[in-house]
Structures are given as C-alpha cells and as structure tokens.
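Architecture at a glance
One-letter residues, chain by chain:
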Amino acid sequence: MIFQTIITGLSIGSIYALMAVGYSLVFSVLNFSNFAHGAVITLGAYIAWALMVSVFKMSFFPALLLSMLGAGIIAFFVERIAYSTLRHRRAPSLFLMISAMGVAIALQNVLYATVGANLYALPPIFTQDTFSIGAATISRMDIFAFVFSVIAIALLTIVLNYTKVGTAIRAASYDSEMVSVLGVNLDVLVAVLFLLAGSLGGMAGVFMGIKYMVYPSMGWITNKAYIGAVIGGLGSLPGAIVGGILLGLLESLVSVTVIGSVHLSTFRDVFSFGILVLLLVFRPTGLFGRHVEEKL
Amino acid sequence: MQYAQAIFTNAAIYVIAALGLAIFTGHTGLFSLGHAAFMAVGGYAAAILTYFLGWSLIPALAVGVVAAVLVSLVIGYPTLRAKLRSDYFAIATLGFGEAVKVLLENLQLTQASRGLPGIEKLAGPLNTAVFLIITVVLCRNFLNSTYGRKIIAIGQDPVAAEMIGIKLLPNQVLSLAISAAFSGLSGGLLAHYITFIQPAIFSMDLSSLLTAGVVAGGMGSLTGPIVAIALFIVIPELFRGLALWRLVLYGVVLVIIINFRPKGLFGYEELNFDNLPKLFTIIGLTIGLTIAASLAKMFSATLGRVPAILIAALVALALTVALGYLGKLLAKWLRSPFGSFGQMLGSGYNHIVQTLQDKAVCFRNRDLPKLRELMNMVVEPSRMVSAQNSRKEPVLSIKSLSKRFGGVVAVDEFDLDVYEGELVGLIGPNGSGKTTVFNLISGYYPVSGGTITYRGEDLTKKAPTAIVLGGISRTFQNIRLFSSMTVLQNVTTALHDASNYSLLEAFVQWPWTVRATEERLKETAMELLKLVELEEYADRVANTLPYGLQRKLEIARALALRPRLLMLDEPAAGMNPQESQELVELIRRIHVAKDLTILLIEHHMDVVMNLCQRIAVINFGKKIAEGAPEQIQNDPLVLEAYLGEKVEDVVAS
C-alpha cells in the first residue's frame, strides 16, 4: 500500500518537477513568477494532440520532440510580446507577473473559443499499461514519465553547467546587469531561457495529456508545480526538482490518509494551497532558495 | 429592455466588487488575486441564510459582509504582517483564493460542487442600483477622510508613511477588510440575482477580471475601475457570439495596459470636467464598435466584405470622434453653471449645518487640541524663552551609538547632545554615516549598540511611528513625497494624528464632525504651506513641483507632525546659491516661529555656517570634531577629512 503510494507520488512529483523547473529557470534570471507557463504547457499538449490525433497520425517520439519545440517557440514569443518591454523598462516584478497572468488568461481562453472545451485523449504509449510488483499495481506510463523527466532534468543540468550559454544563464541569475555589461546579449540569453523552459513545459504537457486528458484548463495543474517550486525555493533548480517531487509525494500520502471517518483526499488541494500560503508567510525562500530583494 | 436590465445588473454587481478591490489594490498598491474568495464567502453565507433558513435579503447580505470581513482578517493579518515582497503577497492571495474554492467544492454544508440551486431571486436591477450607489458614496467618503489618506499614503510610499507616524499593518488590514466587505456584498447580490451559487463561479478567472478592471481602469481611482468593469461586461454582451472571447479580451487588455499604459484609463484621477471628453470618447468607441459590427454584417451581403468593413470602421471612428467632441462641449458648457450651482448648494448646506450647530450642543464642532496647538505655533510668534537660558538638560542625548551592516561599521561609538532650541549641524564627507544617524534616531534602523535618549525616554526600543508622534520628525535626503497627491494633501495627510473622528463617521461624513474637521485640517495645512511659501501651489500634484519646492514641501509636511525636534537631511541639496539663501531664511523663520530644536545635515557650507550654533563633524561613523562654526572651520582633523591632505602639506604649500 505505502509502496504504491510512493510510486504514484514519485510519478506525479516528477511531472511537477519538470514544470517547476520552468518556473524556477525564469525566476532565477528575471525574478518574477511566470504564470503564463501553465498556458505554454497546455499548448504543448494541444500540439501533441494535433500531431498524433487530430491532424497527423504521428508516432509518439517525433510528436513529443515537435511539441517540445512548439512549446519552446510559444514561450519565446510570449516573452517577446508580454515581457520584453517591461524588462527593458525595468518595471517592478509585480508588473511582469500581472502581464503573465494576462497572457495565461488570453491563451487558455483562445483554446476555449477555438478548439472548444472538449476533453481529448492522447494515444497511450504502452498497450498494456500496468504491471505488478508484489501487491502494488504500477502504471508503465508513470515509470516512463518519471524516467523521462529525470533524463530531461539531467540534460538541462548539463546544459547549464557545461555550456557557454548555461554558464551565462547561471551568471545572470546572480546579476543580470553585470552579465550584460560583460558583453552577453541579455535578449538572446532570455530567449534561450524561455526556449528551454518552454520545451520542458511542452514535455510535461504531453505527459499530462497522456496520463489524464487534454483540455483548455489543464494548465491549472501547473499551480501545483508552482507550489513545488516555492517549496524548493523559487529560482533554485535543485529546489524545483526536490520541491516538485516532495509535493507529489505529500499529496499522494494525504490522498490515502483517513482521519476518523474523513477522507483527506477531498482536501488534498486545500492542503497544497495551504502549504503555499504558509510557506510564503513563514519561509519565502523555501528549502534551497536565496532571498532576493525586490527590484524596485 | 429586460436584456438591458440584465446587463446593467450584472455589471453593477461586478462593479461593487471591483470598487472593493480598488480600495485595497488600487490604493495600497498591494495586489490581491484572490478577491473572488471574499465574494464566495459573502455569497455563500448570505445564500445559506436565505436558502435554508428563509431570511430576508438585507440581514443575509449583512451577515455575508461580516463573514467576508472576518475571513479577510484571518488571511490578511498574517500575510500583511510578514511584509512579503509584493509579488509573493499576490501569490499568497492567489493560493488563498484557490484554497477557498477547493474547500467549497468539498464541503457537504454547501452541497460541494453542485452548489445551491434555486435560490430565491431577491436581487434585481433596482436594489442592486441602490447598493451600487451606496458603495460608491461610502468608498468616496472613506478615501476623502483621514483614514483613506493614510492608506493612500502607504500605497504611495510606505517608508515615508511610516516616517510621518502612519502604522502600516493596521491600516493595510483595515483596507483589506473594507475591500472584503464590498466583495462580500457583491457575492451576496450575485447569488440572489442569478439564483444559484457554485464554487466554479468564484474561480481565478473572476479574481483576474476584478484585477484587470482595477489595473485597466487605473490605480488610485474609483472612476477607472467602474468604467473598466462596465466595459468588460458590456462589450462582449454587445457583440453577440463574442462571449467566448470575453476572457481573451481581459487577458489581452491586461497585457497591453501593463506594458504600455501602467497608469490605466483614469490612474490617480476621478471624473471631473477635464477628463469628461475622455469618458465620452470611450463610450463613443464602445457604441461605435457595436454599430459597426452590425453595419458590417448588413453591408457585406450587398457591397462585399472589404468595403463593408471599411464603412463600418469609418462609422465607428466618426462616432468616437463625435462623442469625444460632445464631451468637450459639455465640459465647456457645464463647467461654470455647475460651479455656481455647487457653490449655491455648498452655501445652503453650510447654512443648514450652522443652524443645526446653533440649535443643539451635539452638533457643535469638536475641539481639536492638537490642531490648535499647531496653529498657535505656526501663527503666533514665539512665546517661549529662547534657547540660551535652558541649556542644562539636553533634549536629545546620543551615547556611544553604533550601527553595523554586516561587516561595515556605518556609525561607530557616536556621541551627541542637543539642547532645547538649538540649531545643530551634522556634517561630514559622503558616506560618513550622517543619514544613518538620522535613520537610527527616527527608528528606521534598529541600533547595534549605544543609547538614544529623548526627553528622558529611550528611543531605541520605540517603534518609528511612536518616535514621530513623540515629537521627532524629519525630511529625506532623496525626496520622499506622496507623489500623486496634491501639495495640500501631502500636508493634510501628515495631520492625521490631529483629527479625531471615528471610522464610522468617516464613512458617513457627518457635516458637523467630519466636514468641519476636514475644513480645519485644510486651513491648518494652508497655514503651514504659507510658512514655507507654497500656498499658491496647493492644488498642484506634488511630483510636478520643481525640486527646490519639493524640499520645502517636505519641511511643511514634517512640521505638520508638531515636532519639537526637526531633523533636516540635506534640505539644500541641488539648490542654487539664491535658493539656498532663501532656504536659510526659511529655516531661521521656522526655528523661531515654531520654537523648534533643529538637527541639520548639509553639504552647503555657507548654509551650515550661517545657520548653526554648533556643528558636529562625522567621518567613517566617528565624531571627529564638535564646536562653534569658527572652531570647526579651522579644525585640522576636519580639514583633513574634507580635503584628504595632511595639514602640514597644506601649510607648506
């Protein structure tokens, strides 16, 4: 029973982590919470749906890669349209966040207005979806999502630590002004940043679509990923990973807990948002974050 | 007609909630992204009472409002106390909003996500309109009172607000509570108008609609959010088939406004004759677009698509321009009759108040002792004995004061005594720790060591607001005015401590208490402005004043706090010789007229040497010299600190 819970927790947690990394990447350099990330993830899932189901009948891997690319490009354009003016004007981070909210509302509702509110399924990757270890029934998709998320995050870590662009991004997370004085084109750097964050988000979107369904408000789930990023400490990559997985585990534990005759599963989301509020009040830096004073 | 009524009622209900949000977000500058939760609480509380217990509308709404206020205190107190980064605060409210929604989705009492269907239709266009008017009046009254000004001041510059004695936390919590009250009212009306209530109504989309209304309408304004929300609700209704695109519109508008016009439509202004044309243009654009849409449809069958759209666009443009022009004309025609009508009303009103006051004691003006005291200081020449006689006990006594920032020692074992009525200068090279000393005295920084005693009281343990209200006020090196307020409002805001009407009275604005007090606050503020020779600029917005005048305004604002010790931080910075000469005269004048003790930081040596009876010199946080101006001018240590040379070298050359 507990083993089953942990597996479920890990698999949803790894998808949270994949999304949380996108939040933290952007936060580390631009110091704001990019609430449009959820919409980018949703669009990634819709691209996969278009490629695999509605328009073309592509197989999984090419569709996954193209969805990641598509989501990355969308994230790039979102930055160009909604953030770059504010960034150049050095507006307070709150302004960027409001702008991001606007983008999120607009994109999500463009989907409602065009594709519609229907739920669509993405084709399963494995025909026989579950296998058992002892008493636990484990979904192959869960394992697959977990492994793939780990690989993607590992690749990202390599990019950040061993490439020139990665070094520049890490440097910019400490002092973006200094980085631009040293001759790095900040606009290019931010573009790369959004491409990376967007494509990881696209991947998460595809996994979410396969695990659940594809629908316009599926981006709501990214609020959870955001909570994961806050638990780990906004702006910290290891924090986002640990926070995302931790939240996944906590949620699945809460879901199976029964106190008296009350099943806590119904209050799982209350619990998660409660954690968010409490953390922001008592420990806004999370587990690994460094405290960044607001740029005003 | 029924359709128009429905649109109106819908819009009015959301406008009430948006006005609530405008009181909080629009005026404190703190973003709440969870206001839908307050609507939910108010709506559910009211709906449960009418649905299960058969209460009538008004008491049910009242309970809903109270419930929303209580919830706002529970969430507001801890989050505001933590002084979060502004975006973290916004996210915390978002989390709160989602938590409330998810909770409602799972509660049995509220029938989970099914909600309460078939609530009696108790709200309609009529009573909603009444509630809307009440809301507008109450919000306006509140903002035009001492309480409202405190909140506006915090929104414009929290540091300056605290330094004029306004406590941040209670006022921010108050503004959130008021805001939640109106949101709760709106939620209650909504439930009884659409006759059902469900958690899904109070989603993040609703919170974002309200936020979009306040941002697009303009921060610091009530007119703005009303216009913006009305447009948000009305425009999609006018274009049939656009309903699905409604939320896309909010999103896009939010992005455009925040990127290109952060001030919004009516930022920091209310409707008046100057912006009437703007309002008419907006209305014209809305009507124009509506007509254009149906025209385009009509003509595209006969003329083809492109010419039809062209014609429609032209019509829309023409209507916009025409209505804008009409607005201009109306403003021109109405301005003078309206003005005299207002004057007539005003004098009639005053007459009635006067008669009431003559007839009954309870309507008499209240005594405002603090204001009277201030007026006496400003208007009458000094009555007290001058400084020289009372040189026994120091007023302010600083002993081995230290302040460390990490490894940097900004102030190091600093001592200074200031006596009653003295004018003491504090000078030193850049970065020597002068302003830090001021920040320590005013309680802005906690001290690392040493004591500051003011009239026998230890200041190091007092809150900044208590220190200010205890009689020590200050100005700032880099001007910190409430920049969107007028010059007069900057000073009246600082008189907050002298007014004595209650919050309830502020909402109702009884003429014999609130209006009368406000009049006297204004008179006093004008006297202070006269003292610094700014009376002709009273109605100018503060940040449009030239630099030198802004510094004078800061002095007037500091004087409004009835200080016994005034700390001026580089009042002559950026002034030319003539201006600084005038400033010297001004400081002399207030020194005598208000019988003040003054501590002055200044780089202009002519100002310091002219004014100060005694000068202390600080370098690297340590006091290196103290004495009369002539003494200081010849002190070798001081010369070294300023010129960076050994005295022998200077003498040798």
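Residues numbered from 1 in each chain as written. Chains lettered and ligands numbered in written order. Predicted model: local features only at pLDDT ≥ 70, side-chain atom pairs only at ≥ 80, totals over all residues. Heavy atoms only, no water.

**Some words on the overall build of chain B**
Heads up, the condition is: Secondary structure elements follow DSSP: runs of H or I no shorter than four residues count as helices, runs of E no shorter than two count as strands, and numbering proceeds from the N terminus. Summary of the burial criterion: residues with accessible area below 20% of their type's maximum are buried, those above 50% are exposed, and those between are partly exposed, where the area comes from a 1.4 Å probe applied to protein chains only. The contact criterion used throughout is that any non-hydrogen atoms of two residues lie within 4.5 Å. Charge counting treats Lys and Arg as positive and Asp and Glu as negative, with His and both chain ends excluded. Think of each charge as sitting on NZ of Lys, CZ of Arg, CG of Asp or CD of Glu.
When you go through chain B residue by residue, the secondary structure sums to 25 helices and 12 strands. Its C-alpha atoms give chain B principal-axis dimensions of about 100 × 65 × 60 Å. Across the 653 residues of chain B, 54% fall into the buried class. Excluding contacts between residues fewer than 6 apart, the proportion of contacts in chain B whose partners are at least 24 apart in sequence is 76%. Charged side chains of chain B number 54 positive and 50 negative; the gap between the two group centres comes to 9 Å.

**Some thoughts on the overall build of chain A**
Formally: Every radius of gyration here is taken over C-alpha atoms, with the globule rule written as 2.2 Å times N^0.38, N being the number of residues. Every accessible area reported is derived by Shrake-Rupley at a probe size of 1.4 Å, with residue values counting cover from the shown protein chains alone.
Helices and strands together make up the secondary structure of chain A, namely 11 helices and 4 strands. Here chain A has a C-alpha radius of gyration of 19 Å; the compact-globule value for 296 residues is 19 Å, and the two agree. Considering only residue pairs separated by 6 or more positions, chain A has 75% of its internal contacts joining residues 24 or more positions apart. Accessible area of chain A: about 12,200 Å², with a carbon and sulfur share of 71%. A gap of 5 Å separates the mean positions of the 14 positive and 10 negative side-chain charges of chain A.

**Focus on the domain arrangement of chain B**
All names here are of chain B. Stated precisely, the cut-off is as follows: Where each domain starts and ends follows an automatic or database-derived domain assignment. Buried surface area refers to the total accessible area, computed with a probe of radius 1.4 Å, that the two partners give up upon joining, counted for both partners together. Salt bridges are counted wherever a side-chain nitrogen of Lys or Arg sits within 4 Å of a carboxyl oxygen of Asp or Glu. For the purposes of these results, a polar contact is taken to be a pair of N or O atoms within 3.5 Å, where, inside protein, one atom must be able to donate a hydrogen and its partner to accept one; residues adjacent in sequence count only when each atom of the pair is a side-chain atom. Classification used: nonpolar for Ala, Val, Leu, Ile, Met, Phe, Trp, Tyr, Cys and Pro, charged for Asp, Glu, Lys and Arg, polar for all others including Gly.
Domains assigned within chain B are domain 1 (2–203) and domain 2 (387–652). Domain 1 and domain 2 are separated by 41 Å when their C-alpha centres are compared. If you look at the interface, domain 1 gives 24 residues, while domain 2 gives 30 residues. Interface area for domain 1 against domain 2, summed over the two sides, is near 2,500 Å², with a carbon-plus-sulfur share of 67%. Looking only at domain 1, the three residues that lose the most surface to domain 2 are Arg149, Met163 and Ile164, adding up to 30% of its buried area. Linking domain 1 with domain 2 are 2 salt bridges, by the criterion used here. Residue arginine 480 is joined to aspartate 157 by a salt bridge in which the shortest nitrogen-to-oxygen separation is 2.7 Å. Summed over the shared surface of domain 1 and domain 2, the number is 11 residue pairs in polar contact (both at pLDDT 80 or more). When residues of the side of domain 1 that touches domain 2 are assigned to their parent elements, the largest contribution, 7 residues, is made by helix α6 (residues 146–156). Split by residue class, the side of domain 1 that touches domain 2 holds 13 nonpolar, 6 polar and 5 charged.

**Structural notes on the sheet that holds strand β4 (residues 408–419) of chain B**
All names here are of chain B. For clarity, the threshold we go by: Strand pairing requires that DSSP identify at least two bridges connecting the strands. To define axes, lines are fitted to C-alpha atoms, for helices over the stretch in contact only, and angles between the resulting N-to-C directions are given on a 0 to 180 degree scale.
Here 4 strands make up an open sheet; going across it, the order is β4-β3-β6-β7 and the pairing antiparallel. Where the open sheet ends on each side, the last strands, each with one partner, are β4 and β7 (457–458). Relative to β4, strand β3 (residues 394–405) runs antiparallel, the two sharing 8 bridges. By the bridge assignment, proline 394 is partnered in β4 with tyrosine 419. Strand contacts of helix α15 (residues 434–441): β3, β4 and β6 (449–454), with the helix running at about 115° to β3, the strand carrying the most contacts.

**Some thoughts on helix α9 (residues 222–232) of chain A**
Each turn of an α-helix holds 3.6 residues, which means side chains three or four residues apart point in the same direction. Buried residues dominate α9 of chain A, accounting for 11 of its 11 residues. Every buried residue belonging to α9 of chain A is among Thr222, Asn223, Lys224, Ala225, Tyr226, Ile227, Gly228, Ala229, Val230, Ile231 and Gly232 of chain A, and all of these are buried. Buried residues belonging to α9 of chain A abut α1 (2–30), α2 (37–54), α10 (237–256) and α11 (268–282) of chain A together with α4 (86–106) and α9 (204–217) of chain B. Glycine 233 of chain A sits one or two residues past α9 of chain A and shows a positive phi near 110°.

**A word on the pattern of salt bridges**
Side chains that differ in sign of charge can pair as their charged atoms come close. Taken as a whole and judged by the stated rule, the model has 30 salt bridges over all chains. Glutamate 420 of chain B serves as the salt-bridge partner of arginine 564 of chain B, at 3.3 Å between the closest nitrogen and oxygen. In this pair, arginine 564 of chain B sits in the loop between α20 (547–559) and β9 (565–569) while glutamate 420 of chain B sits in the loop between β4 and β5 (423–427), placing the two residues 144 residues apart along the sequence. Overall, arginine 564 of chain B belongs to the partly exposed group, its relative accessible area being 26%. Residue arginine 614 of chain B pairs with glutamate 422 of chain B through a salt bridge whose shortest N-O separation is 2.7 Å. One end of the pair, arginine 614 of chain B, is in strand β11 (residues 614–619); the other, glutamate 422 of chain B, is in the loop between β4 and β5, and 192 residues separate them in sequence. Given the relative accessible area of 1%, glutamate 422 of chain B is considered buried. Taken together, the shared-partner salt bridges in this structure form one network comprising Glu79, Arg80, Arg87 and Asp187 of chain A.

**With respect to the side chain of glutamate 505 of chain B**
Along the chain, glutamate 505 of chain B falls in helix α18 (residues 503–508). What makes glutamate 505 of chain B buried here is its relative accessible area of 12%.

**Considerations on the interface of chain A and chain B**
Tallying the contact residues gives 42 residues for chain A and 38 residues for chain B. Across the chain A to chain B interface the summed buried area is about 3,600 Å²; carbon plus sulfur atoms make up 74%. At the boundary of chain A and chain B, one finds 0 salt bridges. Connecting chain A to chain B are 5 residue pairs in polar contact (both at pLDDT 80 or more). Of all elements in the fold, only α3 (60–88), α4 (93–114), α9 and α11 of chain A reach the threshold of two or more residues within the side of chain A that touches chain B. If one sorts the elements of the side of chain A that touches chain B by residue count, α4 of chain A sits on top with 16 residues. In terms of residue class, the side of chain A that touches chain B is built from 28 nonpolar, 10 polar and 4 charged.

**Remarks on the packing of aromatic side chains**
All names here are of chain A. Rule in force here: Two aromatic rings from Phe, Tyr or Trp, using only the six-membered ring of Trp, form a pair when their centres are within 6.5 Å; if the ring planes differ by under 30 degrees the pair is stacked, by over 60 it is edge-to-face, and anything between is tilted.
For the structure shown, the criterion picks out 26 aromatic pairs over all chains. Geometrically, the ring pair formed by tyrosine 23 and tyrosine 226 is edge-to-face, given 5.1 Å between the ring centres and 75° between the ring planes. Of this pair, tyrosine 23 sits in helix α1 while tyrosine 226 sits in helix α9, placing them 203 residues apart in sequence. With respect to burial, tyrosine 23 and tyrosine 226 carry one shared label: buried. Cluster of aromatic residues (ring-pair linked, three or more members): Phe60, Phe61, Phe144, Phe148 and Phe207.

**Brief notes about a nonpolar patch on the surface**
All names here are of chain A. As a reminder of what qualifies: Candidate patch residues must exceed 30% relative accessible area and have no salt bridge, after which like charges are joined if within 9 Å and Val, Leu, Ile, Met, Phe, Trp or Tyr side chains if within 5 Å.
A cluster of nonpolar side chains, namely Ile2, Phe3, Ile6, Ile133, Leu253 and Val256, defines an oily patch on the protein surface of about 510 Å² accessible area. Elements that contribute at least two residues to the nonpolar patch include exactly α1 and α10. In terms of residue count, α1 provides more of the nonpolar patch than any other element does, 3 residues in total. Relative to the elements of secondary structure, leucine 253 occurs in helix α10.

**Comments concerning the packing of α6 of chain B against helix α8 (residues 168–194) of chain B**
Residues and elements named next belong to chain B. Note the following rule: The labels follow the angle: roughly parallel below 35 degrees, roughly antiparallel above 145, roughly perpendicular from 65 to 115, and oblique for the rest.
Remark: α6 packs on α8, axes separated minimally by 10 Å, with the N-to-C direction vectors making an angle of 110°. The angle between α6 and α8 falls in the class roughly perpendicular. Note on element contacts: α8 touches α6 through Leu168, Asn171, Gln172, Leu174 and Ser175, opposite Lys150, Ile151 and Ile154. Partitioning the contact of α6 with α8 into residue classes produces 4 nonpolar, 3 polar and 1 charged.

**Observations regarding the packing of α1 of chain A against α10 of chain A**
Residues and elements named next belong to chain A. To be explicit about the condition: Here a crossing is called left-handed whenever its near helix is offset anticlockwise from the far helix by less than a right angle, and right-handed whenever the offset is clockwise.
Across the interface, α1 lies against α10 with an axial gap of 6 Å and an inter-helix angle of 145°. In the crossing of α1 with α10, the sense of the turn from one axis to the other is right-handed. Each residue belonging to the contact of α1 with α10 can be placed in one class, and the counts come to 17 nonpolar, 8 polar and 1 charged.

**Quick look at the sheet that holds β5 of chain B**
All names here are of chain B. With respect to topology, 6 strands assemble into an open sheet ordered β8-β9-β10-β5-β11-β12, the strand pairing being mixed. Both outer strands of the open sheet, β8 (472–474) and β12 (622–627), are each paired with one neighbouring strand and no more. Here the average twist between neighbouring strands, direction ignored, is 20°. Sheet topology places β5 next to strand β10 (residues 597–601); 4 bridges connect them, and they run parallel. Across the sheet, the residue bridging to leucine 426 is isoleucine 601, located in β10. On top of the sheet, α20 reaches β8 and β9; it is set at about 160° to β9, its chief contact. Here helix α21 (residues 577–593) sits on the sheet in contact with β5, β9 and β10, set at roughly 155° to β10.

**What about the environment of glycine 431 of chain B?**
Residue and element names in this part refer to chain B. Among the structural elements, glycine 431 can be located in the loop between β5 and α15. On the accessibility criterion, glycine 431 (79% relative accessible area) is exposed. Along the chain, glycine 431 and isoleucine 618 lie 187 residues apart, while their C-alpha atoms are 9.8 Å from each other.

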